[in-house]
Amino acid sequence: MNQDYIKPDNWSIIEEGFDAERVKSSESLFSIGNGAMGQRANFEESYSGATFQGSYIAGIYYPDKTKVGWWKNGYPEYFAKVLNAPSWIGINVTINGEALDLNACKEVKNFRRELNMKEGWYNRSFEAVLQNGTAVAVNVTRFLSLTEDELGVIKYEVKLVNGSATITYSPYIDAGVTNEDANWEEKFWEPLDVQHEGDSAFVTARTFKTHFTVATYMHNSLFVNEKKQDVTPQNIEIGNDKIQFCYTAEAAQGETAALVKFGGYTVSLNHKESELIDAAKNVIASAQIKRYSTLLEEQKEVWAKIWEMADITIDGDVKAQQGIRFNIFQLNQTYLGKDPRLNIGPKGFTGEKYGGSTYWDTEAYCIPFYMATKDQQVARNLLTYRYNHLEKAIENAAKLGFTNGAALYPMVTMNGEECHNEWEITFEEIHRNGAIAFAIYNYYRFTGDYSYIPEKGLEVLIGIARFWQQRATFSSHKKRYVILGVTGPNEYENNVNNNFYTNYIAKWCIDYAIEQIAKVKSDYNEDYSRIMAKANLNDDEIKQWKKVADNMYFPYSEEHGVYLQQDNFLDKELIPVSELDRSQRPINQKWSWDRILRSCYIKQADVLQGFYFFEDHFSKEQLAKHFDFYEPLTVHESSLSPCVHSIQAAGLGRMEQAYTFYLRTSRLDLDDYNKEVEEGLHITSMAGTWMSIVEGFGGMRVKNDTLHFEPRIPEQWQGYSFKINFRNQILKVSIQQGETKFNLEGDKELTVFVNGKEVKVQPNALVTV
Ligand code: BGC
């Protein structure tokens with residue numbers, strides 16, 4: 001744990017006391033989003049201290065020209081940047097002529113932030129004494145509407161604590177923004193137009209290269225003591241990419257002047273370019289009718305509906321409760337599944353790092369959460385996203401020398417093209433292909449919706465199987481197929497041979513594709529003929545695949561009784577992490593890269609990731625053996641690591657360890673375990689946190705179309721509960737020390753297994769086991 005300033009609370013994230021050192025971390029932690037846009041918790045008023053400014057719009061990106069020391073054939077031309085979008089939140093405030101700036105005030109008291117996750121709003125309040133002696137109490141509430149996803153709302157209130165004052169509010173919108181991580185310090189936005197009308201203003205700008213056009217808008221209303229003032233903006237400052245209004249209010253001691261600002265974006269992804277400003281005017285008109293209070297009420301209602309399905313309750317452990325809700329809240333702020341063109345970026349709308357919007361994280365970690373807490377169409381949309389990128393994945397493989405429709409999905413993408421450019425990852429971290437096939441299997445296993453496979457999934461499986469067959473080479477020495485020069489999920493080893501996880505999932509992908517081809521052939525003959533013709537696939541080729549799958553090599557140590565992470569793993573000095581001095585951690589911030597590569601330290605589950613996906617292929621004893629061998633060497637410096645380990649520790653009945661990993665995954669950002677929260681949150685691993693409760697403690701699995709549970713409970717908890725949308729019926733599972741309760745919202749009896757024992761759950765009746 002690296003920080004401990006967030007107050008434990010069941011439903012809110014709370015910070016008390018102003019500390020400039022914490023501003024960037026809190027900007028990440030208090031981020032808000034509505035699936036269509038999102039932003040870091042930057043202050044509205046000017047701030048001269050250290051800050052990381054960030055607003056983001058879903059689907060809008062910039063292809064930043066690749067910058068590498070030594071160009072290697074096959075590198076993509078660009079890295080798709082999560083683009084810092086024009087800012088609409090800015091409101092400069094002066095009090096008796098002095099700018100309100102928390103970094104320059106004489107005194108700041110009672111500073112408090114609250115991110116209310118239950119209702120979906122963010123509030124900041126403080127009292128400040130300015131250098132001119134005026135004391136004010138400030139209270140700012142902000143939210144991004146879930147009902148009108150192009151709308152954000154701010155209510156900024158200043159109350160005079162002493163004397164009387166002239167307060168000016170200068171709200172602005174600004175497209176003159178840059179990315180902190182721009183490779184060439186270029187500007188990504190080309191300003192096109194600035195205009196205003198009454199209390200509204202619009203700045204239109206277009207991204208260079210990708211040509212997304214965005215109208216950023218604002219509308220302002222001034223209130224004194226809650227009474228709307230009949231004033232028009234003064235001193236309008238117009239630049240080529242920015243516009244600022246000014247509103248002035250006189251307030252005496254105890255009086256409050258407030259500015260309500262509506263703002264947001266209309267984008268060419270969703271509107272004709274010529275209609276962006278009209279579309280923004282429509283959003284403003286509807287917001288004006290509803291006003292702040294109704295919009296806030298609506299916000300609360302939508303969040304109540306989300307929580308109704310997605311909430312996990314934990315009794316008797318506030319920090320654990322706060323952790324899981326924070327994770328569920330952030331996932332829903334990032335992706336709601338409404339738009340199949342979008343995906344779940346590892347940093348969501350909370351930072352720039354990682355670029356792109358889609359990693360294997362989506363398939364390996366996020367799909368189970370969305371499958372179980374939303375309509376199954378949402379998970380299907382996520383699968384379809386990859387189907388729509390199949391042609392690009394085939395092109396991507398062709399660039400690397402593969403042929404005949406072999407598909408290599410990108411490590412990172414926005415539009416299907418690879419946009420990651422470190423050779424050891426772009427070219428070598430090819431296991432990502434496996435997760436995409438696994439997600440198809442997982443979707444069918446959970447939802448029972450086979451139709452996806454003949455309609456779309458099988459083509460993806462064929463492209464992936466072809467890739468693996470071509471990527472494997474026959475070793476005449478080993479008399480087996482080997483996969484050389486890869487990076488496994490553990491990115492702390494590169495260019496290794498026969499990474500167990502990669503080889504295992506490669507074999508599985510081929511076997512699964514062959515199985516599905518046979519099934520589609522027998523049950524969906526028309527689809528079969530269409531797909532075989534389109535893919536130009538025949539039985540001889542399938543035989544080639546099978547030869548590779550049947551003869552795949554897996555490195556194994558007789559001495560340790562474990563599969564080896566890669567051929568040469570045992571050449572390393574195996575010194576457990578517990579013997580590393582704390583001052584050396586995290587090693588990715590303390591050690592040179594070559595030292596990391598030579599070390600035995602594992603960034604995240606690798607062999608164990610294989611055991612997680614393919615649990616049924618191994619015995620519990622094998623799992624225990626591999627867990628005991630690899631976990632002690634694992635530094636968990638990827639956010640994706642603790643959740644898998646928590647699930648496995650729970651499955652092995654090691655509850656203390658499972659609980660420790662649970663806290664680490666669920667509070668990774670709140671407590672900043674990896675010392676990097678100021679760069680943004682780890683959104684995709686948050687779905688792993690959900691899995692660590694439902695699959696870890698709850699022991700939920702789907703086997704043969706039936707739900708199975710092996711409920712366990714950490715001794716720190718009195719009880720916990722979660723809901724699962726299983727095949728269009730909602731099952732609520734409540735687990736207490738010694739008993740498990742099921743409650744079914746649906747109309748059909750549901751059979752579940754609890755610790756192997758059959759239980760029949762009737763609709764709308766409580767069953768206690
Ligand atoms: C992890 C990858 C992951 C990426 C994005 C990296 O640190 O090692 O497995 O896909 O982050 O979350």
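Within each chain, residues carry numbers counting from 1 in the order of the written sequence. For a predicted model such as this one, the threshold for reporting local features is a pLDDT of at least 70, and the threshold for listing and counting side-chain atom pairs is 80 or more; totals across whole chains, interfaces and linings nevertheless cover every residue. Heavy atoms from the whole structure form the basis of all side-chain values; hydrogens and water molecules are not counted.

Per an unreviewed UniProt entry, the chain goes by Maltose phosphorylase and derives from Flavobacterium suaedae. UniProt positions are given in the numbering used here, feature names are shortened, and annotations may be inferred rather than shown by experiment. According to the UniProt record, the Sequence similarities (unreviewed entry) comment for the chain reads "Belongs to the glycosyl hydrolase 65 family."

A. Spatial organisation of the overall build of the chain. Scanning the chain from N- to C-terminus turns up 19 helices and 33 strands. Note on method: radius of gyration uses C-alpha positions; expected globular size equals 2.2 Å times residues raised to 0.38. A compact globule built from 769 residues should have a C-alpha radius of gyration of about 27 Å, and the chain, at 27 Å, falls within 12% of that. With respect to the principal axes defined by its C-alpha atoms, the chain has extents near 85 × 60 × 55 Å. Type-normalised accessible area, obtained with a 1.4 Å probe on protein chains alone, sets the label of each residue: buried when under 20%, exposed when over 50%, and partly exposed for intermediate values. Within the chain, the proportion of its 769 residues that are buried is 63%. Whether two residues are in contact is decided by their heavy atoms: any pair within 4.5 Å suffices. Long-range pairs, those at least 24 residues apart, make up 69% of the contacts in the chain between residues at least 6 apart in sequence. Taken as a whole, the chain presents about 28200 Å² of accessible surface, with 46% of it coming from carbon and sulfur. Taking the average location of the 80 positive side-chain charges in the chain and that of its 104 negative ones, the two points are 2 Å from each other. Numbering of helices and strands runs from the N terminus; a helix is a DSSP stretch of H or I covering at least four residues, while a strand is a stretch of E covering at least two. Only the protein chains shown count as covering a residue, and every accessible area follows the Shrake-Rupley method with a 1.4 Å probe. By the counting rule applied here, Lys and Arg register as positive and Asp and Glu as negative, while His and the ends of each chain are not counted. Note that the charge is assigned to NZ on lysines, CZ on arginines, CG on aspartates and CD on glutamates.

B. Quick look at the UniProt feature "domain: Glycoside hydrolase family 65 C-terminal" (unreviewed entry) in the chain. The residues that UniProt annotates with the feature "domain: Glycoside hydrolase family 65 C-terminal" (unreviewed entry) are residues 700-761. Along residues 700-761, the helical share is 0% and the strand share 65%, with 16 Å between the first and last C-alpha atoms.

C. Local environment of the environment of Gly97. With respect to the secondary-structure elements, Gly97 resides in the loop between strand E7 (91-95) and strand E8 (98-99). Relative accessible area serves as the criterion here: at 69%, Gly97 is assigned to the exposed category. When the C-alpha atoms of Gly97 and Ile531 are compared, they prove to be 71 Å apart, with 434 residues separating the residues in sequence.

D. Here's a closer look at the packing of aromatic side chains. A pair of aromatic rings is counted whenever rings of Phe, Tyr or Trp (Trp by its six-membered ring) have centres within 6.5 Å, and the orientation is called stacked for planes under 30 degrees apart, edge-to-face for over 60 and tilted otherwise. All chains considered together, the criterion is met by 63 aromatic pairs. For the ring pair Tyr556 and Tyr563, a centre distance of 5.1 Å and an interplane angle of 70 degrees mean the geometry is edge-to-face. When the NZ atom of lysine or the CZ atom of arginine is within 6 Å of a ring's centre and also within 35 degrees of its normal, the charge is said to sit over that ring. One Lys or Arg, Lys242, reaches over the ring of Tyr172 and ends 4.4 Å from the middle of that ring.

E. Focus on the side chain of Thr413. The residue Thr413 is located in the loop between helix H6 (390-399) and helix H7 (423-426) in this model. Thr413 gets classed as buried once you look at its relative accessible area, which sits at 0%. Among the polar contacts listed, one links the side chain of Thr413 to the backbone oxygen of Glu417, at a separation of 2.7 Å. Other than its neighbours up to four places away in sequence, Thr413 contacts Gly356, Ser357, Thr358, Tyr385, Arg386, His389 and Cys419. Counting of polar contacts relies on pairs of N or O atoms within 3.5 Å, with two restrictions inside protein: one atom must be capable of donating a hydrogen and the other of accepting it, and residues adjacent in sequence are counted only when both atoms are side-chain atoms.

F. A look at the layout of surface pockets. Estimated volume of the largest pocket: approximately 1000 Å³. Lys353, Tyr354, His420, Glu422 and Glu491 are, among the 38 residues lining the largest pocket, the residues nearest its centre. Among the elements of the structure, strand E6 (78-82), H7 and helix H13 (587-590) are those that each provide at least two residues to the lining of the largest pocket. Formed jointly, the lining of the largest pocket draws a minimum of three residues from each of two domains, domain 1 (12-310) and domain 2 (324-350 + 636-769). Think of a 1 Å grid over just the protein atoms. A cavity is a set of points where a 1.4 Å probe fits yet cannot get out, a pocket is an open set with protein on both sides within 12 Å along at least five of seven lines, and lining residues have an atom within 4 Å of a point. Grid points are joined across faces, edges and corners, and a volume is the space filled by probe spheres set on the points. For every domain, the bounds stem from an assignment made automatically or drawn from a database.

G. Focus on the domain arrangement of the chain. If you check the domain split of the chain, you get domain 1 (12-310) and domain 2 (324-350 + 636-769). The C-alpha centroid of domain 2 is placed 34 Å from the C-alpha centroid of domain 1. Contact with domain 1, which involves 34 residues of that partner, is made by 25 residues of domain 2. Across the interface of domain 1 and domain 2, roughly 2400 Å² is buried in total on both sides, 65% from carbon and sulfur atoms. For salt bridges, the criterion is a side-chain nitrogen of Lys or Arg within 4 Å of an Asp or Glu carboxyl oxygen. Taken together, the connections running from domain 1 to domain 2 amount to one salt bridge. Close ionic contact of Lys723 with Glu308 constitutes a salt bridge, the shortest N to O distance being 3.1 Å. Counting every contact that joins domain 1 to domain 2 gives 12 residue pairs in polar contact (both at pLDDT 80 or more). Listed by contribution, the elements that provide at least two residues to the side of domain 1 that touches domain 2 are helix H1 (23-29), strand E2 (32-33), strand E3 (37-39), strand E4 (55-57), strand E9 (107-116) and helix H2 (276-310). Ranked by residues supplied to the side of domain 1 that touches domain 2, first place goes to H2 with six residues. Amino acid classes used here: Ala, Val, Leu, Ile, Met, Phe, Trp, Tyr, Cys and Pro are nonpolar; Asp, Glu, Lys and Arg are charged; the rest, including Gly, are polar. Taken together, the residues of the side of domain 1 that touches domain 2 sort by class into 18 nonpolar, 12 polar and four charged. Summed over both partners, the accessible area lost on bringing two parts together, with a 1.4 Å probe, is the buried area.

H. Region of interest: the pattern of salt bridges. Within this structure, the stated rule accounts for 47 salt bridges. Among the salt bridges present, the one from Glu418 reaches Arg432, with a minimum N-O distance of 3.4 Å. Of this pair, Glu418 sits in the loop between H6 and H7 while Arg432 sits in helix H8 (residues 432-447), placing them 14 residues apart in sequence. Comparing Glu418 with Arg432, the two get one shared label, buried. Connected via shared salt-bridge partners are Glu44, Glu45, Arg124 and Arg142.

I. Seen up close, the sheet that holds E3. Sheet architecture is open: three strands sit in the order E2-E3-E4, paired in antiparallel fashion. Each edge of the open sheet carries a strand with a single partner, namely E2 and E4. Relative to E3, E2 is paired through two bridges, and the arrangement is antiparallel. Opposite Ile32, over in E3, you have Gln39 as the bridge partner. Two strands qualify as a pair provided that DSSP identifies no fewer than 2 bridges between them.

J. Structural detail: the pairing of strand E14 (residues 189-197). Summarising the sheet, E14 and strand E15 (residues 200-207) pair through eight bridges and their orientation is antiparallel. Bridged to Val194 within E15 is Val203.

K. Here's a closer look at the UniProt feature "domain: Glycoside hydrolase family 65 N-terminal" (unreviewed entry) in the chain. In the numbering used here, UniProt assigns the "domain: Glycoside hydrolase family 65 N-terminal" (unreviewed entry) feature to residues 14-268. Strand forms 53% of residues 14-268 and helix 3%; the C-alpha atoms that close the span are 37 Å apart.

L. Quick peek at the site of the ligand. Around the ligand sit Pro346, Tyr354, Tyr359, Trp360, Asp361, Glu491, Lys603, Gln604, Ser638 and Leu640, and that is every residue in its neighbourhood. Asp361 has a polar side-chain atom sitting 2.6 Å from an oxygen atom of the ligand. A breakdown of the residues in the shell around the ligand according to their chemical character gives five nonpolar, two polar and three charged. Only heavy atoms are used to decide nearness, and a residue is near a molecule or strand if one of them lies within 4 Å of it.

M. Representation of the sheet that holds strand E18 (residues 234-238) in the model. Spatial strand order, E8-E7-E13-E19-E18: five strands in an open sheet with antiparallel pairing. At either margin of the open sheet sits one strand with a lone partner, and together these are E8 and E18. Sheet topology places E7 next to strand E13 (residues 165-174); five bridges connect them, and they run antiparallel. The partner of Asn92 across the bridge, within E13, is Ser170.

N. Seen up close, empty space enclosed by the protein. As enumerated under the stated definition, the model contains six cavities of 30 Å³ or more in all. There is about 70 Å³ of room inside the largest cavity. Forming the boundary of the largest cavity are Gly74, Tyr75, Pro76, Asn396, Lys399, Leu400, Leu408, Glu418, Thr426, Phe427 and Arg432. Classifying every residue of the lining of the largest cavity by side-chain character gives five nonpolar, three polar and three charged.

O. Spotlight on the side chain of Gln244. Looking at where Gln244 falls in the secondary structure, it is placed in strand E19 (residues 242-251). Owing to a relative accessible area of 11%, Gln244 belongs among the buried residues under this scheme. A distance of 3.3 Å separates polar atoms of two side chains, one belonging to Gln244 and the other to Asn92.

P. Structural context of the pairing of strand E30 (residues 739-745). Because side chains alternate across E30, one face comprises the buried residues Thr740, Phe742 and Leu744, and the other comprises Glu739, Lys741, Asn743 and Glu745, none of which is buried. Alignment of strand E29 (residues 729-736) against E30, held across seven bridges, turns out to be antiparallel. When the bridges of E30 are listed, Ile730 appears paired with Glu745. The hairpin turn running from E29 into E30, its antiparallel successor, is two residues long, and Gly738 in that turn takes a positive phi close to 95 degrees. Alignment of E30 against strand E33 (residues 766-768), held across three bridges, turns out to be antiparallel. Bridge pairing links Phe742 to Val767 in E33.

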